[in-house]
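Summary of structural features
Spelled out, the chains give:
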Amino acid sequence: MRALHDGWTLHQVGGGVSRVPATVPGCVHTDLLAAGLVEDPYLDDNENRLTWIGRSGWDYETVFTWHADGHDRTDLVCEGLDTVATVELNGVEVATTANQHRSYRFPVRELLREGENTLRVRFASPVEYAEARRAALGDRPGSYEAPYQFVRKAACNFGWDWGPSVVTSGIWRPIGLHSWSGARIESVRPLVSTDGPDGRVEAHVTVERAGDTPLTVTVEVAGVVAEATLAPGEREAVLEVRVPEPRRWWPRGYGAQDRYELTVRLSGQPGVPSGPGEPGETGAIRKAGEPGETGKTGEAEKAGKAGGPEEAEKTGKAGEPEEAREVPGDTWTGRIGFRDVRLDRTGEGFTVVVNDTPVFVRGVNWIPDDCFPARVTRERLAGRFGQAVGANVNLLRVWGGGLYESEDFYDLADELGLLVWQDFPFACAAYPEEEPFATEVEAEVRENVTRLSWRPSLALWCGNNENLEGHADWGWRDRLEGRTWGAGFYHGLLPALVAELDPARPYWPGSPYSGHPDLPPNDPARGTTHIWDVWNREDYTHYATYTPRFVAEFGFQGPPAHTTLRDAVSGELAPDAPLVLHHQKAHEGNAKLLRGLGEHLPAPETYDDWHYLTQLNQARAVAFGIERFRSLAPHCAGTIVWQLNDCWPVTSWSAVDGAGRRKPLWYALRRVYADRLLTVQDGAVAVVNDGPEPWTGELELLRLALDGEPLAKETIAVEVAPRSVAAIPLPDPVAVPADPSAELLSVRLDGHRALRFFAEDTRVAFPAAAYDTEVTPAEGGGLDVTVTARTLLRDLALFPDRLDPASTVDDMLVTLLPGESVTLHVTGSPDPAALVTRPVLRCVND
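Just so it is clear, the model here is predicted, and its values are computed rather than measured. (Residues numbered from 1 in each chain as written. Predicted model: local features only at pLDDT ≥ 70, side-chain atom pairs only at ≥ 80, totals over all residues. Heavy atoms only, no water.)

Turning to the overall build of the chain, a few remarks are in order. Check the secondary structure of the chain and you find 17 helices and 45 strands. Expressed along its principal axes, the backbone C-alpha trace of the chain runs to roughly 90 × 65 × 65 Å. Across the 846 residues that make up the chain, the buried fraction comes to 59%. Considering only contacts in the chain between residues 6 or more positions apart, those separated by 24 or more positions represent 71%. Between the mean site of the 81 positive side-chain charges and the mean site of the 125 negative ones, the chain shows a separation of 1 Å. (Helix = DSSP H or I, 4+ residues; strand = E, 2+ residues; numbered from the N terminus. Buried < 20%, exposed > 50% of the residue type's maximum accessible area, 1.4 Å probe, protein only. Contact = heavy atoms within 4.5 Å. Lys, Arg positive; Asp, Glu negative; His and termini not counted. Charge placed at Lys NZ, Arg CZ, Asp CG, Glu CD.)

Put into structure tokens, the structure is as follows:
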């Protein structure tokens, strides 16, 4: 494809912004920012002064040169238009669009001119479009006032309880011209599965024709080839390939992520093998509609872009004339993994099973990593995925208020063994089912299910986020007065399309959901649940009252890293400072932060105290919940923390802030999501072994004084099978303290230790912190900071970003008993003396 990414300008329709340079792919906000016409919406409260952008129309225009290239067809390919667009070429309207979640292909050969051509994409205001649809169809309830459910666009773009309202427009994914002759591959939908020890690929291939030449479709994977001939006029074929005993693809922690290159070739000379083996000898061949077909083909792109996710156009380099020929030579490639996935609903539970192996989900929710998604590169995603893997995460839930993510996103998940739970883009609102939305939703779902159906990481399609709960429990029914709200999508259209296009992958109507439309959707005893009474009303110890089957959302807030907040706020840093509060979008969020400290931690006296204590409390709250839920395995089969990432600098539920800095929560996740975990629950030690080998040894139980003196000791031989949990009752001598304010419990097994205090920190008679420090240059760069405790040090933390914005530390929230030491590695070049003083080095009892 010849990219058309150069020479664009941007013009405000009927407004004061005229012909500024535009970046494609990109959006209006980033173009205006680059031109110096607006202030950065991520800084201070600039967001409030930029709402006019989403209420304006915008013209993108470029002039390009084109010369006849001898091909039969030339198409304009738009991989992403955000959102309400009219496309014009040389003054002639080509098409109108109104869906950010789709791509488009338009035939334009007859409109192209020799020499200069003018391409214009005019975007109408998405806010005004949504308001007009709302007026026409009747209002629908939602979590926010903005009419985000009335336009097929990322809902969070209109603002959320962690994100700003920056309603974008723009050409947000690549755009270009594709010339071709004879025929081309329109779509490839490989259904990949296993059959006993063998692998099976059922490749549904659709071609678009510009003539009636006989065609050959060849599919090859792992040296196995299948071939089909398309007679003149035929467009669809299904080719089956069986691979003897391939290596399986596994989620991380369960095995390797073996992948095989699948190649689909289209040519005009039937009967010529494309690789080793004789066509038809090892692969079964059939055309669409013949017996054995498991789904229809050819409709996935009927209203949008044609072509698969890794389509390779073997017709010349981008921007160069392509040699004219009567017979095409088109190729599609993708790296597939052989694995099976299903949901085990035994006992109304919810267990993800991969290759017949139950997987305890250690998940995080994923939101768009930037409000302006064109800025999210593969490198940036790789960094964020590395943080997920580093925290021992094995699943990302792509939340329904965002997007279908990029090919880089799913490719990295495939490569790293991160399972993906994909919500369809519906969240926290009643959605109209009337036109134009019924047609748009079907088109986007067909395209994206086809696009992603072959991805081994994709474990689950989910209909929506919290809309079933909203209809049942949030008072929507009375407000709807009989109007549609999305049930026809979640219980009808979406499962039908998944069954047609991706039949081997589970579909779940929404989350939370109890498994049947007649049941209360957010019942912890069935299906998936979201727990939000903790944070909104209850103390985090309330997690201990739950015995859920699967927790798909829960979380607790904490501020971003100090440097991230300092860079975003030019004024005073104080919890109640107006600009700090602007970067807190949750209702009464900062009040809940302080209330959440409860008796767990002392009331903060300064900003520095507030920052450390609320970050620490966030980490403790989420860790408390995860430890509780993991101890219940296999009854509880997974947790998905809200949330991994942020899209801008904000106080939120994230483990990694909007600048990509790890918060204390990240370090807590790494500990409680490790394969092996010790946790004290209900008078017992839960020994959690989610690894592939047995965990055996002597469990050491010590009741200690705060000065480290042993008061009681018990040892118990344990052997915990792989992927299981053992509950070891605590003997009274170690379980019952003489003085809860002056004692703690130490649990140790095979190098792992858990400490449990018998009272909340505010009731513990902590000594004033005393310790020695040593800072030395580290081999390979950075600094090693060694802290040796002279007294107990509770939740020691080091924040080197306060001295050097690029600095990081390798561990945090370490509790030391008297005489113990820890060495923390710090990257960058912070001042060594300042590194070991407040507020950079902190602990609860300092």
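Here the narrative resumes.
Attention shifts here to the sheet that holds strand 34 (residues 684–689). Strand pairs in the sheet, formed through backbone hydrogen bonds, run parallel or antiparallel to each other. Read across the sheet, three strands follow the order 33-34-37 without closing on themselves; strand pairing throughout is antiparallel. In this open sheet, the two strands that pair with only one neighbour each are strand 33 (676–681) and strand 37 (724–729). On average, each strand axis in the sheet is inclined to that of its neighbour by 20 degrees, with strand direction left out of account. Packing against the sheet, helix 14 (residues 607–631) makes contact with strand 33, strand 34 and strand 37, and its axis sits at approximately 95 degrees to strand 33. (Pairing = 2+ DSSP bridges. Axes fitted to C-alpha atoms, helices over the stretch in contact; angles between N-to-C directions.)

Bringing the pattern of salt bridges into the picture now. Considering all chains together, one arrives at 63 salt bridges under this definition. Of the charged contacts in the structure, one is a salt bridge between Glu-186 and Arg-235, with a shortest N-O distance of 2.9 Å. Residue Glu-186 is found in strand 13 (residues 183–195), and its partner Arg-235 is found in the loop between strand 16 (224–230) and strand 17 (236–243); the two are separated by 49 residues along the sequence. A relative accessible area of 8% places Glu-186 in the buried class. In this structure, Asp-502 and Arg-505 form a salt bridge, with 2.4 Å as the shortest nitrogen-oxygen distance. For the residue pair Asp-502 and Arg-505, the accessibility class agrees, reading buried in each case. Connected through shared salt-bridge partners, Arg-259, Arg-378, Glu-407, Asp-408, Asp-411, Asp-414, Glu-415, Arg-451 and Arg-455 make up one network. (Salt bridge = Lys/Arg side-chain N within 4 Å of Asp/Glu carboxyl O.)

With 13 residues, helix 4 (residues 378–390) extends 18 Å between its outermost C-alpha atoms, agreeing within 8% with the 18 Å of an ideal straight helix rising 1.5 Å per residue. Taken together, the buried positions of helix 4 are Leu-381, Arg-384, Phe-385, Gln-387 and Ala-388. In a view along the axis of helix 4, the buried residues occupy a sector of 150 degrees, so they form one face of it. At the C-terminal side of helix 4, Asn-392 shows a positive phi close to 65 degrees. (Expected span 1.5 Å × (residues − 1). Arc of directions from axis to C-beta.)

Let's shift gears to the environment of Ala-429. Mapped onto the elements of the fold, Ala-429 is located in the loop between strand 27 (419–423) and helix 6 (437–452). With 285 residues separating them along the chain, Ala-429 and Tyr-144 place their C-alpha atoms 8.3 Å apart. Residues within four places of Ala-429 in sequence aside, it is in contact with Pro-141, Gly-142, Tyr-148, Gln-149, Asn-467, Trp-476 and Trp-485.

Bringing the packing of aromatic side chains into the picture now. According to the stated counting rule, one finds 42 aromatic pairs in the structure shown. Residues Tyr-144 and Trp-160 carry aromatic rings whose centres are separated by 4.7 Å and whose planes lie at 55 degrees to one another, so their mutual orientation is tilted. Taken together, the residues span a long stretch of sequence, with Tyr-144 in the loop between helix 3 (126–137) and strand 11 (170–171) and Trp-160 in the loop between helix 3 and strand 11 at a distance of 16 residues. Judged by its relative accessible area of 28%, Tyr-144 falls in the partly exposed class. Judged by centre distance (5.2 Å) and plane angle (80 degrees), the ring pair of Trp-508 and Tyr-513 falls under edge-to-face. (Phe/Tyr/Trp six-rings, centres within 6.5 Å; stacked < 30°, edge-to-face > 60°.)

The next subject is the pairing of strand 33. Within strand 33, five of the six residues are buried, which leaves the element mostly enclosed by the surrounding structure. Judged from the six bridges that link them, strand 33 and strand 34 form a sheet pairing that is antiparallel. Looking at the pairing, Gln-681 lines up with Ala-684 of strand 34. In sequence, strand 33 turns back onto strand 34 through a hairpin of two residues, with Asp-682 there showing a positive phi of about 55 degrees.

Counting through the fold element by element, Gly-402 comes out in the loop between strand 26 (395–398) and helix 5 (407–416). Given a relative accessible area of 1%, Gly-402 falls into the buried group. Considered as a pair, Gly-402 and Ala-155 are 247 residues apart in the sequence and their alpha carbons are 6.2 Å apart. Ignoring any residue separated from it by four or fewer positions in sequence, one finds Gly-402 in contact with His-101, Ala-154, Cys-156, Pro-368 and Pro-425.

Moving on: unusual backbone geometry. Residue Thr-83 is reached from Asp-82 by a cis peptide bond, and omega for that bond is -5 degrees. Within the secondary structure layout, Thr-83 lies in the loop between strand 6 (81–82) and strand 7 (84–89). The amide bond that connects Ser-511 to the next residue, Pro-512, takes the cis arrangement and shows omega of 5 degrees. Assignment of secondary structure puts Pro-512 in the loop between strand 29 (507–508) and strand 30 (529–530). Positive phi, normally seen in glycine, also occurs at Glu-588, with a value near 55 degrees. Looking at Glu-588, the relative accessible area reads 48%, which means it is partly exposed.

Turning our eyes to something else, we now look at the side chain of Gln-643. Take Gln-643: it is sitting in the loop between strand 32 (638–641) and helix 15 (664–672). A relative accessible area of 0% places Gln-643 in the buried class. Among the polar contacts made by the side chain of Gln-643, one reaches the side chain of Trp-642 at a distance of 2.5 Å. A polar side-chain atom of Gln-643 sits 3.1 Å from a polar atom in the side chain of Asp-646. Those residues in contact with Gln-643 that lie beyond four places of it in its chain are Trp-162, Asn-365, Ile-367, Ser-652, Trp-653, Ser-654 and Ala-655. (Polar contact = N/O pair within 3.5 Å; in protein donor to acceptor, adjacent residues only side chain to side chain.)

Before going further, it helps to examine the pairing of strand 17. Along any regular strand the residues' side chains alternate between the sheet's two faces. Along strand 17, six of the eight residues are buried, which leaves the element largely enclosed by surrounding structure. Direction of pairing for strand 14 (residues 198–209) relative to strand 17: antiparallel, over a ladder of eight bridges. What sits directly across from Ala-203, in strand 17, is Leu-239.

In this section: the nonpolar core. Core analysis: the biggest nonpolar cluster contains 162 residues, and Phe-424 and Leu-669 have the highest contact counts within it. In this view, Leu-669 contacts Val-364, Ala-391, Val-622, Ile-626, Val-641 and Ala-655; residues no more than four positions away in its chain are not counted. One finds Cys-78, Phe-106, Val-108 and Val-121 within the second-largest nonpolar core, a separate group that totals 33 residues. (Core = buried A, V, L, I, M, F, W, Y, C linked by side-chain atoms within 4.5 Å.)

Extensive coverage of helix 5 is indicated by the burial of seven of its ten residues. Against the buried residues of helix 5 lie strand 21 (329–336), strand 25 (361–366), helix 4, strand 26, strand 27 and helix 6.

One open sheet holds the four strands; their spatial order is 1-12-5-9, and the pairing between them is antiparallel. The open sheet terminates on both sides in strands that have one partner only, identified here as strand 1 (2–3) and strand 9 (104–107). Here strand 5 (residues 73–78) pairs with strand 12 (residues 175–180) via six bridges, running antiparallel. The residue bridging Val-77 from the neighbouring strand is Gly-176, located in strand 12.

The next point concerns the packing of helix 6 against helix 9 (residues 487–501). Between helix 6 and helix 9, whose axes approach to 10 Å, the crossing angle comes to 35 degrees. In this structure, the crossing between helix 6 and helix 9 has a hand that is right-handed. Together, Phe-437, Ala-438, Val-441, Glu-442, Val-445, Arg-446, Val-449 and Thr-450 of helix 6 and Phe-489, Leu-493, Leu-494, Leu-497, Glu-500 and Leu-501 of helix 9 make up the contact between the two elements. Grouping the amino acids of the contact of helix 6 with helix 9 by side-chain chemistry returns ten nonpolar, one polar and three charged. (Left-handed = near helix turned anticlockwise from the far one by under 90°. Nonpolar A, V, L, I, M, F, W, Y, C, P; charged D, E, K, R; others polar.)

Now for the packing of helix 4 against helix 5. At their nearest, the axes of helix 4 and helix 5 sit 10 Å apart, and the two run at 40 degrees to each other. Our pair here, helix 4 against helix 5, has a crossing hand that is right-handed. Residues Arg-378, Leu-381, Ala-382, Phe-385 and Val-389 of helix 4 pack against Asp-408, Phe-409, Asp-411, Leu-412, Ala-413, Glu-415 and Leu-416 of helix 5.

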